Each structure stands twice: as C-alpha cells, then as structure tokens.
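So you can see what is in the structure, the chains are spelled out below.
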Amino acid sequence: MWRNPVYEIMRDRALASHEIPFILTDKYKNVPSSVKISAVLNRDERFKQVGYHHCAGLYSKKSHRVLFFGRSDMEYEDFAPFKAITEVEK
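Presented here is an overview of the structure given in this document. (Residues numbered from 1 in each chain as written. Predicted model: local features only at pLDDT ≥ 70, side-chain atom pairs only at ≥ 80, totals over all residues. Heavy atoms only, no water.)

**Considering unusual backbone geometry**
Okay, so step 1: Note the cis peptide between A80 and P81, where omega equals 15 degrees.
Okay, so step 2: For P81, the position within the fold is in the segment after strand 3 (63-71).
Okay, so step 3: Positive phi is not limited to glycine here, since F82 has a value of about 55 degrees.
Okay, so step 4: Here F82 is to be found in the segment after strand 3.
Okay, so step 5: Among the residues examined, F82 registers a relative accessible area of 2% and is labelled buried. (Helix = DSSP H or I, 4+ residues; strand = E, 2+ residues; numbered from the N terminus. Buried < 20%, exposed > 50% of the residue type's maximum accessible area, 1.4 Å probe, protein only.)

Set out below in structure tokens:
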C-alpha cells in the first residue's frame, strides 16, 4: 500500500531509505522500518537502487552509507541528492 505514494514522490528525486519512513508517518499508522523498506523496494521491479551517499550521525563522528532508491523508468543524477533528469537535461 505504501509503495504507490513513494513511487509518485520519486518523480522529482530519489529518496534515501532512511527518509521514507518519515514521509510515510503522515499517511500511515504502522510505518515499516528503513531496513524493511529497503528489502521491499529491492524486490519491486518498479524501483531501482540509484546510489549511496555518506551521512554522518548526530551523536557520532562516524559516517555511514545510505542507500537511495528511485523509479526504474526514470534517470537520476549521479550525485546526491539524486535529482530526476528531465528530457530537456538529457
């Protein structure tokens, strides 16, 4: 159920796996974790992995890689924030 709104949002840019739960919180009561969201989007052929970006935590100095997902029928920039490429930009 939650995949369709996420699919529509990805029209403008790819989404990080950790930001999707925050987007879904407004619409759904039981929101899956970012790990579960990543597993579901990896199995759904409408979505693809766009790339990784290093993010730093609030309380630690260690950075970690965050996976970004986009739509399979669209092209995205090669760097974060992975904006969608329109036909004019190609």
